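Residues per chain are reported as follows:
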Amino acid sequence: MGKVVLVTGVARQLGGRFVRRILREPDVERVIGVDAVAPGHHLGGADFVRADIRHPTIAKVLAEHSVDTVVHMDVTGTPLGKRGSRASVKETNVIGTMQLLGACQKTPTVKRLVVKSSTNVYGSAPRDPAIFTESTPPKSLPSGGFAKDTVEVEGYVRGFARRRPDVAVCVLRFANILGPRADSPLAEYFALPVLPTVLGFDPRLQFVHEDDVIEVLRIAAGEPRRGTLGCGTFNVAGDGVLLLSQAARRLGRPTLPFFLPTVTWVGSALRSVGITDVSPEQIRLLTHGRVVDTTQMREALGFEPRYTTAGAFADYARSRGPGLLPPSTLARTVDRIAAALPAGRDQN
């Protein structure tokens, strides 16, 4: 781990948790948390600097503190605490990343850069391959939203890596993050009492637990262990997949199938009243799904997730309580009905 670590996006709970975790690393002398708003949670012994990464002042922060490791976590799909707008989020994702990379390029002390990205870069389309590897190009590039932001962010990161070949650059493409404290749009979707789905589709989904997110970021921000790489692009997800129908049953949430145009309208209505942010890219995910290969995560990065996809979802489900159709209650009801039916007569 670098002696002086700067972390962006610390006002979000995930960024705050990561800051508190790396403070326990023996080689870390100082951690600097940066965000445009003051965090509502404790950052341990880290120093907080209120700075907007969209502005050139971030270069002064890097230079003044002689930062050698930068962990860029301020690449997100939703406004913080439901404040702001999609336009401000996009500016932070794209313009903020450009400013941060420009500052890193000018700061000679920076030797390691870790960027939190997303498997959204692959998009979701009907002709997608069964499994995406890190080198698989998407069948159709995302046309908007957070997915397009991540594509642009990764493009700027590749440009930075060419200009500063002395910096170890690690890009982590996370699957959908779930856990008891998850605040992503997909977590909000699964919290709905009834889940709107697309008629005729049952997509395959992957999840990564928020605890595993913290741990893989810690590994990526530190010096690579023997036999592993400390730079590159890596898919990060738990083992296995879940069908959307399986996820709904495990939550005890009934599903309400709609034709695709109707689901798009329902998503817009939910978003307009502030219930949840069902964006067009999320509707594509809930239609076609997405599965990524994680071989490089294990073999090259040296990270083994503690939670499988099903395990991460189960931990999230426990934190949300039973739905309208709890699986145990439904099973008992089915058993009672079966027991009450007259037994079939022996045909012989």
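One can find the structure itself at the top, above this paragraph.
In what follows, the accompanying structure is described. All figures in this text were calculated on a predicted structure; none of them were measured in a lab.

### What about the overall build of the chain?
Thinking step 1. Each helix and strand counted, the chain has twelve helices and 13 strands in total.
Thinking step 2. Buried residues in the chain amount to 51% of all 348 residues.
Thinking step 3. The contacts of the chain with a sequence gap of at least 6 include a subset with a gap of at least 24, amounting to 81%.
Thinking step 4. Accessible surface, the chain as shown: approximately 16,100 Å² in total, 56% of it carbon and sulfur.

### Focus: the pattern of salt bridges
Thinking step 1. What the rule picks out here adds up to 18 salt bridges.
Thinking step 2. Taking the shortest distance from any N to any O, the salt bridge between Arg218 and Glu25 comes out at 3.6 Å. Separated by 193 residues along the polypeptide, Arg218 in helix H6 (residues 210-221) and Glu25 in the loop between helix H1 (13-22) and strand E2 (30-35) bring together distant segments of the chain. Across the pair, Glu25 and Arg218 agree in class, each one buried.
Thinking step 3. Salt bridges linked by common partners bring Arg21, Glu25, Glu215 and Arg218 together as one network.

### Examining the environment of His65
Thinking step 1. For His65, the position within the fold is in the loop between helix H2 (58-64) and strand E4 (69-72).
Thinking step 2. What His65 contacts, discounting residues up to four positions off in sequence, is Val4, Arg30, Ile32 and Val49.

### Observations regarding the sheet that holds strand E1 (residues 4-8)
Thinking step 1. Spatially, E3-E2-E1-E4-E5-E6-E11 is the arrangement adopted by the seven strands of the open sheet, whose pairing is parallel. Because the sheet does not close on itself, it has two edges, and the strands there are strand E3 (47-50) and strand E11 (232-236). Strand after strand, the sheet turns through a mean of 20° between neighbouring axes, direction not considered.
Thinking step 2. As judged from the four bridges shared by E2 and E3, these two strands associate in the parallel manner. Paired with Gly33 across the bridge in E3 is Phe48.
Thinking step 3. Running over the sheet, helix H4 (residues 145-163) touches strand E5 (112-118) and strand E6 (168-174) and is turned about 160° from E5.

### Section: the packing of aromatic side chains
Thinking step 1. Scanning all chains against the criterion turns up seven aromatic pairs.
Thinking step 2. Geometrically, the ring pair formed by Phe207 and Phe313 is stacked, given 5.5 Å between the ring centres and 25° between the ring planes. Linking Phe207 in strand E10 (residues 207-209) with Phe313 in helix H11 (residues 309-320), this pair joins segments that are 106 residues apart in sequence.
Thinking step 3. For Phe313, a relative accessible area of 1% puts it in the buried group.

### Notes on the nonpolar core
Thinking step 1. With 32 residues, the main nonpolar core has Val7, Phe18, Val71, Leu172, Phe174 and Leu217 as its most contacted residues.
Thinking step 2. For this core, the elements supplying multiple residues, two or more each, are E1, H1, E6, H6 and E11.
Thinking step 3. Once you skip the residues sitting within four places of it in the chain, Leu217 turns out to touch Phe18, Val71, Met73, Val114, Leu172 and Phe174.

### Quick notes on the side chain of Asn120
Thinking step 1. Take Asn120: it is sitting in the loop between E5 and H4.
Thinking step 2. Relative accessible area serves as the criterion here: at 13%, Asn120 is assigned to the buried category.
Thinking step 3. Polar contacts involving the side chain of Asn120 include one to the side chain of Ser118, which spans 2.9 Å.
Thinking step 4. A distance of 3.2 Å separates polar atoms of two side chains, one belonging to Asn120 and the other to Arg290.

### Considerations on the packing of helix H7 (residues 244-251) against H11
The geometry of a pair of packed helices is captured by two quantities: the angle between their axes and the separation between those axes.
Thinking step 1. Contact geometry for H7 and H11: axes closest at 10 Å, N-to-C directions at 35°. Crossing handedness for the pair H7 and H11: right-handed. Facing Ala247, Arg250 and Leu251 of H7, the residues of H11 in contact are Ala310, Phe313, Tyr316 and Ala317.
Thinking step 2. Per-class residue counts for the contact of H7 with H11 are six nonpolar, no polar and one charged.

### Overview of the pairing of E6
Thinking step 1. Counting buried positions along E6 yields seven of seven residues, so the element is predominantly enclosed.
Thinking step 2. Burial of E6 is two-sided: the residues Ala168, Cys170, Leu172 and Phe174 facing one way and the residues Val169, Val171 and Arg173 facing the other way are all buried.
Thinking step 3. Taken together, E5, H4 and E6 form a β-α-β motif whose crossover is right-handed.
Thinking step 4. The pairing of E6 with E11 spans five bridges and is classified as parallel. Bridge pairing links Phe174 to Val236 in E11.

Thresholds, definitions, all that
Residues numbered from 1 in each chain as written. Predicted model: local features only at pLDDT ≥ 70, side-chain atom pairs only at ≥ 80, totals over all residues. Heavy atoms only, no water. Helix = DSSP H or I, 4+ residues; strand = E, 2+ residues; numbered from the N terminus. Buried < 20%, exposed > 50% of the residue type's maximum accessible area, 1.4 Å probe, protein only. Contact = heavy atoms within 4.5 Å. Areas by Shrake-Rupley, 256 points an atom, 1.4 Å probe, with all protein chains shown as cover. Salt bridge = Lys/Arg side-chain N within 4 Å of Asp/Glu carboxyl O. Pairing = 2+ DSSP bridges. Axes fitted to C-alpha atoms, helices over the stretch in contact; angles between N-to-C directions. Phe/Tyr/Trp six-rings, centres within 6.5 Å; stacked < 30°, edge-to-face > 60°. Core = buried A, V, L, I, M, F, W, Y, C linked by side-chain atoms within 4.5 Å. Polar contact = N/O pair within 3.5 Å; in protein donor to acceptor, adjacent residues only side chain to side chain. Left-handed = near helix turned anticlockwise from the far one by under 90°. Nonpolar A, V, L, I, M, F, W, Y, C, P; charged D, E, K, R; others polar. Right-handed = clockwise from strand over helix to strand, strands pointing away.

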